[in-house]
Structure formats: C-alpha cells, structure tokens
Amino acid sequence: MAVDGVAAKRIAAEAVDPDHPLEFVEEIMVPVLEEIGAGWERGIYSLAHVYMGSRICEEISDSMLPPSPGEGPTTSRIAIAVLNDYHLLGKKIVRSALRAAGFNLLDFGRCSPEVLLERVLENGTEILLISVLMLPSALDVAEFLALAEQEGIRLTVVVGGAPFRLDPELWRRVGADAVGHSAFDALKLVRDLSGEAKS
Ligand code: B12
C-alpha cells in the first residue's frame, strides 16, 4: 500500500522458496491481491492502489516464475485466453505453470467471444482454458459456447477466476466442462484431460 516496489520485491525474495516459486505466488501473492480488491470495494484503497499493487505483483511473479521461451509454441491443441477482461495476471500465471510443466500451450490473449471462436477454428483447439475476473466476462463464456455450437465445434472448456470462486455453480450455468481455482488446479485438469499429451 506504500507503493514501494523495491521493498515488496525484497520481502518477496526473502519469503520465496526458489524451488517452489508457484507456492509463493498462490499462497501469498494471490490472497494479497484479493485483500487489496476487497479493500477497494470497501473504499479503503483507491484504484491506483489496485493498479500499482498488481503491477508490482506482476513484476515479482515475472522474476520468480520460469520465463516462457520466445513467443511460445505456434501449434498446439491446448490454448488459454482471457474473455473481454483486463485482468491478465491470472492467465499469465496459469500459462507459466503449464509451460513450466512441459505443456505446449497457445496464448490467444484477450479476446471477444467472436475472436476466440476464430482462434479456436484456426488452431483446431481441443482443450481451451478461459480466465476471467469480471462477472460479465464469465457470462461471455456461455456466448462463446453458443457460437461454437452453431459452428458444430466440440471442445473441452475449463474456466477459472474470481466469479467462479464466488459462485460455485456458475461454471455449470455457463456450460463449461470444468473449473479450477488455482494454477495447480489448471495443471491437474489439463493433465487429466489431455492424458498427459503435451501438445
Ligand atoms: C489487480 C486487479 C485489477 C487490475 C488488473 C491488472 C492486471 N494486469 O491484471 C486493474 C487495476 C487493471 C483492474 C481493473 C478493474 N477491476 Co479489478 N481487480 C484486481 C484484483 C485486486 C486482483 C486481480 C488479480 O490480479 N488477482 C491475482 C490473480 C493471479 O488471480 P486470478 O486472476 O483469480 O487467477 C488465479 C486463479 O483464479 C486461477 N485462474 C485464473 N484463471 C484461470 C483459468 C483457468 C482455466 C483455471 C483452471 C484457473 C485460473 O489461477 C490464478 C492463480 O491462482 C481483483 C480482486 C480479486 N478478488 O480478484 C479486482 C477485481 C477483479 N476487479 C474488479 C473491478 C470491478 C475492476 C474494474 C471494473 C474497476 C473499475 N471501476 O475500473 C476494472 C475493470 C477492468 C476490466 N474491464 O477488466 C472486481 C470485479 C467484480 C466482478 N466480479 O465483476 C474485483 C473482484 C474487485 C472487487 N472486489 O470488486 N483490476
């Protein structure tokens, strides 16, 4: 809250187990961001606090989690995207965890349902991970799936992000096949769904 990135990075570097950086991210960083979000909702913190807090956390997670080589793979049947949402940190962490575990994962970035459908068609995506933090974006999953059905596309959709944590049945209502609440969950689900195939 002091917006002191240098001090935050020093504290993080002291707290992290270098062999298990994802544990630091999941157990300390994500709950801290949730607390900042809750403080913003109660009017204790400003949006600038939320923004700067997330920038500092992003830099910390970038320095801890293994970098993605280059632009990442160019073909894969597994992909991740954010639907109509500017909250991109969750996707980045999930992407980093999956790539570190050896999965070839395409990153479609931030898309509307229509653009996401184009990407899926172009790449023959079979397992799609969708990350959202806003409720309207979570509802866009249903819109995307309706468009996919019109095109006769059948794919497995795994969703994650705050709205699905707040409403445990929401993933079923939007028509997703599975939900996960952490990068560890994402890894387990993709392992189970892909039968360990890494591309
Ligand atoms: C940081 C932040 C921002 C930053 C985002 C910066 C960035 N580069 O991402 C900025 C300042 C831009 C921002 C803006 C806004 N925000 Co904001 N933001 C947050 C905050 C505090 C933290 C989010 C975050 O990064 N968390 C850390 C990441 C790592 O967590 P995560 O995304 O949940 O991901 C984890 C898991 O969910 C999982 N996961 C994620 N994706 C997936 C996918 C799959 C398939 C699986 C299996 C798992 C998985 O793994 C990740 C690692 O554990 C949250 C509070 C909260 N409770 O989440 C509010 C929050 C999400 N924001 C909110 C709001 C309202 C806004 C604004 C509308 C504010 C405004 N008035 O302008 C804008 C809207 C932007 C938009 N249109 O998208 C609300 C959303 C309410 C809602 N549900 O609709 C929240 C919940 C705050 C609140 N309590 O009200 N925000």
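Please read all numbers here as calculations on a predicted model, not as lab measurements.

### Details of the domain arrangement of the protein
Taken domain by domain, the protein comprises domain 1 (5-64) and domain 2 (78-194). The gap between the C-alpha centroids of domain 1 and domain 2 is 23 Å. With 12 residues of domain 1 at the interface, the matching set in domain 2 holds eight residues. Note on domain 1 versus domain 2: buried area summed over both sides is about 770 Å², and carbon and sulfur give 68% of it. Counting across the interface, domain 1 meets domain 2 through three salt bridges. Within the residue set of the side of domain 1 that touches domain 2, elements represented by two or more residues are helix 2 (21-41) and helix 3 (47-64). At seven residues, helix 2 tops the list of elements feeding residues into the side of domain 1 that touches domain 2.

### A few points about the pairing of strand 4 (residues 156-160)
Where burial is concerned, most of strand 4 is hidden: four out of the five residues are buried. Alignment of strand 3 (residues 127-131) against strand 4, held across five bridges, turns out to be parallel. Counterpart to I127 in the pairing with strand 4 is T156. Where the polypeptide runs from strand 3 across helix 6 (residues 135-150) and back to strand 4, its parallel neighbour, the crossover connection is right-handed. Sheet analysis places strand 4 next to strand 5 (residues 178-180), joined by three bridges and oriented parallel. If you follow V158 over to strand 5, its bridge partner there is A178.

What counts and how
- Residues numbered from 1 in each chain as written.
- Predicted model: local features only at pLDDT ≥ 70, side-chain atom pairs only at ≥ 80, totals over all residues.
- Heavy atoms only, no water.
- Domains from an automatic or database assignment.
- Contact = heavy atoms within 4.5 Å.
- Buried area = accessible area lost by both parts, 1.4 Å probe.
- Salt bridge = Lys/Arg side-chain N within 4 Å of Asp/Glu carboxyl O.
- Helix = DSSP H or I, 4+ residues; strand = E, 2+ residues; numbered from the N terminus.
- Buried < 20%, exposed > 50% of the residue type's maximum accessible area, 1.4 Å probe, protein only.
- Pairing = 2+ DSSP bridges.
- Right-handed = clockwise from strand over helix to strand, strands pointing away.

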